[in-house]
Amino acid sequence: MQIFITLDVMLARRKVTSRDLAKHVGITEQNLSLLKSGKVKGIRFATLEKICEFLECQPGDILQYAAAEEEQQATGQAA
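Figured I'd write up the structure that's included with this text. All of these numbers come straight from a predicted model, not from anything done at the bench. (Residues numbered from 1 in each chain as written. Predicted model: local features only at pLDDT ≥ 70, side-chain atom pairs only at ≥ 80, totals over all residues. Heavy atoms only, no water.)

**Considering helix α1 (residues 7-14)**
Thinking step 1. Of the positions making up α1, those classed as buried are Leu7, Met10 and Leu11. Viewed end-on, α1 has its buried residues packed into an arc of 105 degrees, placing them on one side of the element. Facing away from the buried surface of α1 by more than 90 degrees, the exposed residues are Ala12 and Arg13.
Thinking step 2. Check the buried side of α1 and you find it contacts β1 (2-5), α2 (18-25), α3 (29-37), α4 (45-55) and α5 (59-62).
Thinking step 3. A positive phi of about 55 degrees marks Lys15, the residue just after α1. (Buried < 20%, exposed > 50% of the residue type's maximum accessible area, 1.4 Å probe, protein only. Helix = DSSP H or I, 4+ residues; strand = E, 2+ residues; numbered from the N terminus. Arc of directions from axis to C-beta. Contact = heavy atoms within 4.5 Å.)

Here's what the structure looks like:
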């Protein structure tokens, strides 16, 4: 199982900079960059709420789930 973060796609759709989003949410641009790259282990609901509020989107617009089987098929690995 893997959760993919598509925040960069939503930022582009909304024509919003990472800097503006980070400022609104109250996190550093570096932490936002780590979130966008998927290098974080978790996110607080309050942070997710502020992101969705600013981008006028739902959590499902910036988070995607891939089952282990789909993930293996995408990488060409056998179970």
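There's more to say after this.
**As for the environment of Leu34**
Thinking step 1. Relative to the helices and strands, Leu34 is located in helix α3.
Thinking step 2. Apart from residues no more than four positions distant in its own chain, Leu34 is found in contact with Lys39 and Val40.

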